[in-house]
2 protein chains.
Amino acid sequence: MAPSPRRFIGARGSRDSLPTPALVIDRDALRSNLTAMRRLLCGTGVSHRPHLKAHKCLEIARLQLESGADGLCAATVGEAEALAALDTSVLLTSVVASDTNIARVVELRARGCDLTLVVDHTETAHRLSDALVARDRAADVLIDIDTGRGRSGCSSVDDARRLAEHVQQLPGLRLAGLQLYAGQLSHMPDPAERERAHAEFRNLVTRHREALADLLPAAPIVTGGSTGSVALDLRDPVLTEVQCGSYALMDVEYLAMPFSADVAVWPFGYALTVQASILSANWDGHAIADAGDKRFASKYGYDPLLTRVPEGIDLATSTYRPVSDEHGRLDVAPGRRPPPGARIECVVPHLDPSINLFDVAHVVSGDELVDVWEIDARGA
Amino acid sequence: MAPSPRRFIGARGSRDSLPTPALVIDRDALRSNLTAMRRLLCGTGVSHRPHLKAHKCLEIARLQLESGADGLCAATVGEAEALAALDTSVLLTSVVASDTNIARVVELRARGCDLTLVVDHTETAHRLSDALVARDRAADVLIDIDTGRGRSGCSSVDDARRLAEHVQQLPGLRLAGLQLYAGQLSHMPDPAERERAHAEFRNLVTRHREALADLLPAAPIVTGGSTGSVALDLRDPVLTEVQCGSYALMDVEYLAMPFSADVAVWPFGYALTVQASILSANWDGHAIADAGDKRFASKYGYDPLLTRVPEGIDLATSTYRPVSDEHGRLDVAPGRRPPPGARIECVVPHLDPSINLFDVAHVVSGDELVDVWEIDARGA
């Protein structure tokens, strides 16, 4: 029903013809982030399997594969179903436990998807194996280890060993390695604290690798890691593979932290903004634009970060924050009134739960719309 | 790519075959809410124009029209575009100011949509009129009045009069009434405070109706109101029309408040839940299920409200809250471990920004799936 924004592709200045609120991806900044990650990984021996959950967009997943990624991660069964279209190796990083969702992953395997699964409980491992065997398509599995968050995984080395021994007996499962995802490291603003927590994490990884060495294959997958810990994950690595996803687009909550204890500035810049239009400007010092709570998700309390304001308004002293589902408030210097209809843009506070609030991303280069990408797995 | 949940329609116990996380609408509770609203409105002389923004689902909008609603409200141009499919009267409650979005509403009018718009600024009124005249499809407009939130609307009676006089001179616009949306009344937990604030609001409405009486048509539209204020809006009404949307499905943040100073219990019950499956249960006293931040939006800090837990777990002493994008934590009595794969259901904290996180709603009656509805305007 809505007119397609594709009609603006290639028109001069078409970035300002987008129907707002609009999700905008800067193609050149995205490419630069992919290149920066390739440089970081170069020579480390660590593989990269980016998380679809960060962007839910198959076009970006394709660019990540072209840029050297070894498959993709999915956080949900629905994301794995979307990734099956790419004919690549997919790791589903969450346990699957309900019969309905086990049937879905078995169907993916039966259709030939190169799908690796995680397990953290003998009972679910058993049901999974039975269902895979019934379709004659065994799957690689990783033992998921609790890294201290109580969120998933085996909660002791002994439990992990017992589960690994059990998996070895199950005809539908092939033990391929370990997953240790330490999400708590992602957003520690103090780099020294992040270093200390990462050292503990390294010990945990090493303990499990050693304790399970006789059960694991010769070159096991040991996967984990995020954009927030990649500086440490690549230093004398204990993981064989990192799952960083946010690096491609970035957000306020990453950019507000230093990259590492030695390097303040991130090698990745923001490549994603939300564009909004000023609707109401009946007050001195503030105006209302058409992007609110339904366009920006925040996790740690940050506001959107303005990157563009109307002519005559000072960017450095202006702020923007959602004030209702569909509206946000632009505060500007006293006495100023931005004109109705003018455009603003903001980086989102938290990337993952923001990008899935939109149907499509408008891909721009400079002030020109160059492509429109679906957020394919937005509800998945 | 994902198998359609429609295949489970009509199967006995199919509510437990849903691919989780799943949005669930209880058909009988929804119908009961629609009937309860019809009873409340009966004999008041007040029209009802429910807000699509609450549910973004055309099937629910159709049921609301069948149940006596006089058209629908849209919060965004995209929602108005979706509603055009229903061949009903549509009020776009937000100002439209960018040239791109003005072109979209003009296109809707040109295609015959019975669309009413709001204006709060002479300059945007002017541009809107010019664009409508160019396509020979004038539109009804309401003067939007700031109810004290500084979010949209004219900020004084004098400004409202000046704008109304201006609108009368514009060939593309027909002055049809006033909009006064007092969103601040929606979630005031103290009913006495809500009464006081509502009395102020009534004065504001009356002042504007009287001051603009000579400019407005004989039977002007005076629209506003929400589920949170409807008990007061219908008592000796000053609005001609209420915009309540949440009443159809309800959420934790409404149900946690009393309905009015005299009536604690709402005439509307919850009709929407999120169903999740237990994934990991390796700890005494808590388990992890597959619905996190990306499935529950909160506005005032409430957690999801559990309505169903696995057998052997006590509902009254259990709680659920998101702990990451795709995971939530079910806390249960010490020593208990809910079985992996078992189902739980929760009411969402805040309805509007939660329902748009899903592609479809699973409509159930008792333990049976009876229909699957698209969340049509979820990204709009």
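Residues numbered from 1 in each chain as written. Chains lettered and ligands numbered in written order. Predicted model: local features only at pLDDT ≥ 70, side-chain atom pairs only at ≥ 80, totals over all residues. Heavy atoms only, no water.

## Overview of helix H2 (residues 58–66) of chain A
All names here are of chain A. Within H2, burial applies to Leu 58, Ile 60, Ala 61 and Gln 64. On an axial view of H2, the arc spanned by its buried residues comes to 155°, and they lie on one face. Of the surrounding elements, those touching the buried residues of H2 are strand E1 (22–26), helix H1 (27–41), strand E3 (72–74), helix H3 (77–83) and strand E17 (368–374). The positive-phi residue at the C-terminal boundary of H2 is Gly 68, with phi of around 110°. (Buried < 20%, exposed > 50% of the residue type's maximum accessible area, 1.4 Å probe, protein only. Helix = DSSP H or I, 4+ residues; strand = E, 2+ residues; numbered from the N terminus. Arc of directions from axis to C-beta. Contact = heavy atoms within 4.5 Å.)

## Brief notes about the interface of chain A and chain B
The partner chain B presents 69 residues to the 69 residues of chain A that form the contact. Surface buried jointly by chain A and chain B totals about 5,100 Å² across both partners, of which 49% is contributed by carbon and sulfur atoms. Measuring nitrogen to oxygen at the nearest pair gives 3.2 Å for the salt bridge that ties Lys53(B) to Asp325(A). Linking chain A to chain B there are 30 residue pairs in polar contact (both at pLDDT 80 or more). Listing elements by their share of the side of chain A that touches chain B, those giving two or more residues are H3, helix H4 (99–110), helix H5 (122–134), strand E10 (272–283), strand E11 (286–289) and helix H10 (352–355) of chain A. The biggest single contributor to the side of chain A that touches chain B is E10(A), with seven residues. Its residues placed into classes, the side of chain A that touches chain B shows 23 nonpolar, 23 polar and 23 charged. (Buried area = accessible area lost by both parts, 1.4 Å probe. Salt bridge = Lys/Arg side-chain N within 4 Å of Asp/Glu carboxyl O. Polar contact = N/O pair within 3.5 Å; in protein donor to acceptor, adjacent residues only side chain to side chain. Nonpolar A, V, L, I, M, F, W, Y, C, P; charged D, E, K, R; others polar.)

## Details of the relation of the copies chain A and chain B
Between chain A and chain B, the superposition needs a rotation of 180° and an axial shift of 0.0 Å, giving an RMSD of 0.0 Å. One copy is carried onto the other by what is essentially a two-fold rotation axis. Measuring from the rotation axis to each C-alpha of chain A, the shortest distance belongs to Leu357(A), at 3.4 Å. (Least-squares fit on C-alpha atoms with pLDDT ≥ 70 in both.)

## Overview of the domain arrangement of chain A
When the parts come together, some accessible area is lost, and that loss is often what is quoted as the size of the interface. All names here are of chain A. When its domains are assigned, chain A resolves into domain 1 (5–23 + 268–374) and domain 2 (30–247). Computed from C-alpha coordinates alone, the two centres of domain 1 and domain 2 are separated by 34 Å. Across the contact, ten residues belong to domain 1 and 16 residues belong to domain 2. When domain 1 packs against domain 2, the two sides together hide about 1,200 Å² of surface, and 67% of this comes from carbon and sulfur. For the domain 1 face of the interface with domain 2, the top three residues by lost area are Phe 268, Asp 352 and Trp 373, together amounting to 54%. Counting the contacts that link domain 1 with domain 2 gives one salt bridge. Between Lys 53 and Asp 352 there is a salt bridge, and its shortest N-O distance comes to 3.1 Å. (Domains from an automatic or database assignment.)

## Here we look at the environment of Gly172(A)
Residue and element names in this part refer to chain A. Tracing the backbone through its elements, the reader meets Gly 172 in the loop between helix H6 (157–169) and strand E7 (173–179). In this structure, the C-alpha to C-alpha distance between Gly 172 and Val 141, residues 31 residues apart in sequence, is 9.6 Å. Beyond its immediate chain neighbours, meaning those up to four positions away, Gly 172 contacts Ser 129, Leu 132, Val 133, Ala 138 and Ala 139.

## Remarks on the packing of aromatic side chains
All names here are of chain A. Evaluation of the coordinates by the stated rule reveals twelve aromatic pairs over all chains. Plain terms: the ring middles of Tyr 247 and Phe 268 are 5.6 Å apart, the flat faces sit at 65° to each other, and that makes the pair edge-to-face. With Tyr 247 in the loop between strand E9 (241–242) and helix H9 (252–255) and Phe 268 in the loop between H9 and E10, this pair connects stretches of sequence that are 21 residues apart. In this structure, Tyr 247 and Phe 268 share a single accessibility class: buried. One aromatic cluster is present, built from ring pairs that chain together Tyr 247, Tyr 254, Phe 259, Trp 266 and Phe 268. Positioned over the ring face of Phe 358 is Arg 295, at 5.3 Å from the centre of the ring. (Phe/Tyr/Trp six-rings, centres within 6.5 Å; stacked < 30°, edge-to-face > 60°. Lys NZ or Arg CZ within 6 Å of the ring centre and 35° of its normal.)

## Notes on unusual backbone geometry
All names here are of chain A. Each neighbour pair has its own omega, and for Thr 20 with Pro 21 the value is -5°, a cis peptide bond. Locating Pro 21 in the fold gives a position in the segment before E1. Its identity is not glycine, yet Asp 236 carries a phi of approximately 50°, on the positive side.

## So, the UniProt feature "domain: D-serine dehydratase-like" (unreviewed entry) in chain A
Here, the residues flagged by UniProt with the feature "domain: D-serine dehydratase-like" (unreviewed entry) are residues 271–365 of chain A. The span residues 271–365 of chain A is 4% helix and 41% strand, and its two end C-alpha atoms sit 11 Å from each other. (UniProt positions renumbered as here; feature names shortened; annotations may be inferred.)

## What to know about the sheet that holds strand E2 (residues 47–48) of chain B
Residue and element names in this part refer to chain B. Strand order in this open sheet of eight strands is E2-E9-E8-E7-E6-E5-E4-E3, and the pairing throughout is parallel. Each edge of the open sheet carries a strand with a single partner, namely E2 and strand E3 (72–74). Relative to strand E6 (residues 139–144), strand E5 (residues 115–119) is paired through four bridges, and the arrangement is parallel. Looking across to E6, one finds that Val 119 is bridged to Ile 143. Where helix H4 (residues 99–110) meets the sheet, its contacts fall on strand E4 (90–92), E5, E6 and strand E7 (173–179), and the angle it forms with E5 comes to roughly 150°. Helix-sheet contacts for helix H5 (residues 122–134) involve E5, E6 and E7, and the interaxial angle to E7 is about 135°. (Pairing = 2+ DSSP bridges. Axes fitted to C-alpha atoms, helices over the stretch in contact; angles between N-to-C directions.)

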